Structure formats: structure tokens, C-alpha cells
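Next come the chains, spelled out residue by residue.
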Amino acid sequence: MTQTIANSTLLASTEKRYPTFTIPENIVVKCPKCKEMLYERDFKRNLKVCQRCGYHGRLTASERIDLLVDPGSFVELDANIISADPLHFVSQSQVYAEKLVNEQQKVRANEGVTIGYATIEQMPLALAIMDFRFIGGSMGAAVGEKITRSIELAIDRHIPVLIASASGGARMQEGIYSLMQMTKTSAALAKLGKAGLPYYSLLTDPTTGGVTASFAMLGDVIMAEPGGLICFAGPRVIEQFMHIRLPEGAVTAEFVYQHGLIDAVVSRHELRKVLARLLRFHAQRDTSVGPFERE
Ligand SMILES: [Zn+2]
């Protein structure tokens, strides 16, 4: 299975790491990788992938859901779960409770992950889709709870689960509570495995820190979008700590694929098709026991 998907991968050039880029309300946008001027309309039509060099821009949670699932099939759950600010965190530059309110207004979502269920080519699955815009997609107690609920939903309904990660890691404003989400989500995935149900993990730019160190890397099949930053510690931290210079293209999706950490690098245009194949593969087999079981 891994081999088949790997054959369909798109290994884009990754000489440099590129800055975040948001699309202004203009007619043209400039690709941060190849500097090509692109019509915004064409860029969006091409799923925010540069037509010239294949650079994959970041998607919001709702854009990714629209991209992946059958039109109109997504049902959102637990949209009202919000962070409780358990430490009453205040730093020199921010009050966490105020920051949460600001982010909610700015992103128009209550938290950094959207969960629910949907179908892909009429096959059901549970979904948890992270949104990097919300405090860098960081995982606090609310994000961990929502992801856990999406996994429990999959167990209850006996359907597979897809988690699309986009995260700077644990949410430091929640201290130990954010780190606890790593074990919580991992424990839920162990139950999913015992139920014989598959977990598809999709890593998008960037997937780092405590998210990489927990559920993102526990997928039965782990895919990443081309060019995405995929790592535990970011390249600058590694260089400062280890006093070494990382090779060009290190800690990208292609790098971790070539080093056996993930199963495939899949172009955004192929994602839906690849997921449909995986779901079909699962639907055709006996789900009571088998290789999906984790101990
Ligand atoms: Zn480009």
C-alpha cells in the first residue's frame, strides 16, 4: 500500500524554506517560492498551488474540508468547545484570555481545529482539520479534547478517522495542560487501533512540536503535502542547539519521506483520490482484527 501511494507522490524542489504567505485582496499574488505573479482567481482555482513551481499555500480548515469531502456532506460537531485558560496566563505582551477572544474574532472560529464527519466518494469518515491561523494551530486543552472526540466518534460509528495537522506544537499559554493532550490523543488512537479502525494522518505546512510528537506521527498511513515543514524542533532551534548547519531542504515533507518517517508525499490535487482509495481498501477488508491494531 505504501509503495503504491509513494509512486504517485510529487517530490517538489525544496531548496529553501519559505515564509508564511497570505493572499491579499488583490488581483494578483506573488508566489513566495518562484516569485511568479499569479492571478489570484487562478491561484485559488488551482487549490492555492502555484501553477509554475508547485508551491502549496496554506489552507484554512474550511477550505481543506471543501477540498477533501463530498460537497455538502460535512457535519461539524462540538464547534462551541473553547479554551478555559486554566493557568490564567498573563505575559508581558499578552493576556491569554484576551488573545483567545481576538483570535476567535479574527479567524471566525472558536478554536484551532474543526471536527465532524463527512463522506469521500460516499464512504464515511470522521474528521479533525487543524487551522494554522488560530494561534499558530497550537494544541491546548480544547484542541486536544476536540481531536479526541473525533477519534471517539470514529470508534462509536465504526468508521475511519482523518486528522489533518497544521501546528506550531503545544500551546505554551496552557503549560502542562497542553502537554497532557499528547497522551490523551495518543491513548484515544490506541483505542481506535484496538477497534480495528484505520487512522489516516495528513501533515500540512507546518506540522511541528507536540503535534508531531503525538497524534500526527501515529497514523496507520501518514501523508504530507509537498514542501511542508515537518519536524519536532524547527530548523533554527536545531541549528542553535546542535551548533550545526542543516542541509538545504532538511525537515521538509520530502526529507522526512526520504528518511522513512512518513509513507507518502501527496500533491493536493491527488489527496482526495488517494484518501478514497484508502477508504475503499479499508471497506473491502475485515475490520475486526488485523494490521491496524496497535499495542
Ligand atoms: Zn511558484
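Before going into details, it helps to say that this report is about the structure given with it. Here, residues in each chain are numbered from 1, in the same order as that chain's written sequence. Under the rules for a predicted model, residues below a pLDDT of 70 receive no local features and side-chain atom pairs below 80 are neither given nor counted, while totals for whole chains, interfaces and linings still include all residues.

### Some words on the overall build of the chain
Alright, step 1. Only runs of H or I of at least four residues qualify as helices and only runs of E of at least two qualify as strands under DSSP, and these elements are numbered from the N terminus. The helix and strand inventory of the chain stands at 10 helices and 9 strands.
Alright, step 2. Each residue is classified by how many other C-beta atoms fall within 10 Å of its C-beta atom, where C-beta atoms are placed from the backbone; a count of 20 or more means buried, 12 or fewer means exposed, and values in between mean partly exposed. Expressed as a percentage of its 295 residues, the buried residues of the chain come to 44%.
Alright, step 3. A pair of residues counts as a contact when their C-beta atoms, built from backbone coordinates, are separated by no more than 7 Å. Taking contacts inside the chain between residues at least 6 apart in sequence as the whole, the part at least 24 apart equals 69%.

### Topic: the sheet that holds strand β7 (residues 199–207)
Hydrogen bonds along the backbone pair up the strands of a sheet, which may run parallel or antiparallel.
Alright, step 1. Pairing between strands is defined by DSSP: at least two bridges between them are needed. Pairing in this open sheet of 7 strands is mixed, and the strands run β3-β4-β5-β6-β7-β8-β9 from one edge to the other. Two strands close off the open sheet at either side, each with one partner strand: β3 (75–77) and β9 (264–265).
Alright, step 2. One ladder, built from 4 bridges, connects strand β5 (residues 123–130) with strand β6 (residues 161–167); its direction is parallel. The residue bridging Leu127 from the neighbouring strand is Leu162, located in β6.

### Let's talk about unusual backbone geometry
Alright, step 1. Following Asp205, the chain continues into Pro206 via a peptide bond in cis, with omega recorded as -10°.
Alright, step 2. Secondary-structure assignment places Pro206 in strand β7.
Alright, step 3. One non-glycine residue with positive phi stands out, namely His88, at about 50°.
Alright, step 4. For His88, the location among the structural elements is in the loop between β3 and α4 (96–107).
Alright, step 5. You will see that Glu121, though not glycine, has its phi angle at about 50°, which is positive.
Alright, step 6. Looking at where Glu121 falls in the secondary structure, it is placed in the loop between β4 (113–120) and β5.

### Considering the environment of Gly234
Alright, step 1. Along the chain, Gly234 turns up in the loop between β8 (221–224) and α8 (235–242).
Alright, step 2. Given 17 C-beta atoms within a 10 Å radius, Gly234 is considered partly exposed.
Alright, step 3. Taking the C-alpha atoms as reference points, Gly234 and Thr207, separated by 27 residues in sequence, lie 9.8 Å from one another.

### What about the environment of Arg268?
Alright, step 1. With respect to the element layout, Arg268 can be found in helix α10 (residues 268–283).
Alright, step 2. Judged by the 21 C-beta atoms lying within 10 Å of it, Arg268 falls in the buried class.
Alright, step 3. In the structure, Arg268 is positioned 222 residues away from Asn46 in sequence and 9.5 Å away in space, judged by C-alpha atoms.
Alright, step 4. If sequence neighbours within four positions are ignored, Arg268 has contacts with Leu47, Val49, His56 and Glu225.

### Quick word on α10
Alright, step 1. Look at α10: 23 Å from first C-alpha to last across 16 residues, which is about the 22 Å you get at 1.5 Å a residue.
Alright, step 2. Burial in α10 covers these residues: Arg268, Leu271, Val274, Leu275, Leu278, Leu279 and His282. All buried residues of α10 fall inside an arc of 135° around its axis, so they share one side. In α10, the exposed positions that point more than 90 degrees away from the buried face belong to Arg280 and Ala283. For a helix, the expected span equals 1.5 Å multiplied by the residue count minus one. Each C-beta atom gives one direction from the helix axis, and the arc is the one those directions make.

### Regarding the pairing of β6
On a regular strand, each side chain points to the face opposite its neighbour's, so the side chains alternate between the two faces of the sheet.
Alright, step 1. The buried fraction of β6 is high, at 7 of 7 residues.
Alright, step 2. Taking every second residue as pointing to the same face, both faces of β6 are buried, with Val161, Ile163, Ser165 and Ser167 on one and Leu162, Ala164 and Ala166 on the other.
Alright, step 3. In this region the chain leaves β5, passes through helix α5 (residues 141–157) and returns to the parallel neighbour β6; the handedness of that crossover is right-handed.
Alright, step 4. Where β6 and β7 come together, 6 bridges link them in parallel fashion. For Ala164, the partnering residue across the bridge sits in β7 and is Leu202.
Alright, step 5. Handedness of a crossover is defined as follows: orient the strands so they point away from the viewer, and if the path from the first strand over the helix to the second runs clockwise, the crossover is right-handed. Running through helix α6 (residues 175–194), the crossover from β6 to the neighbouring parallel element β7 is right-handed.

### Comments concerning the packing of α5 against α6
Alright, step 1. Axes, fitted as lines to C-alpha atoms, cover a helix only where it is in contact. Angles between the N-to-C directions of the axes lie from 0 to 180 degrees. The contact between α5 and α6 brings their axes to 9 Å, and the two run at 5°. The angle between α5 and α6 falls in the class roughly parallel. Contacts between α5 and α6 pair Ala141, Val143, Gly144, Ile147, Thr148, Ile151, Glu152, Ala154 and Ile155 from the former with Tyr177, Ser178, Gln181, Lys184, Thr185, Ala188, Leu189, Lys191 and Leu192 from the latter.
Alright, step 2. Within the contact of α5 with α6, the residues separate by chemical class into 10 nonpolar, 5 polar and 3 charged. Under this scheme an angle from 65 to 115 degrees is roughly perpendicular, one under 35 degrees roughly parallel, and one over 145 degrees roughly antiparallel; angles in between are oblique. Only Asp, Glu, Lys and Arg are considered charged, only Ala, Val, Leu, Ile, Met, Phe, Trp, Tyr, Cys and Pro nonpolar, and every remaining residue, Gly among them, polar.

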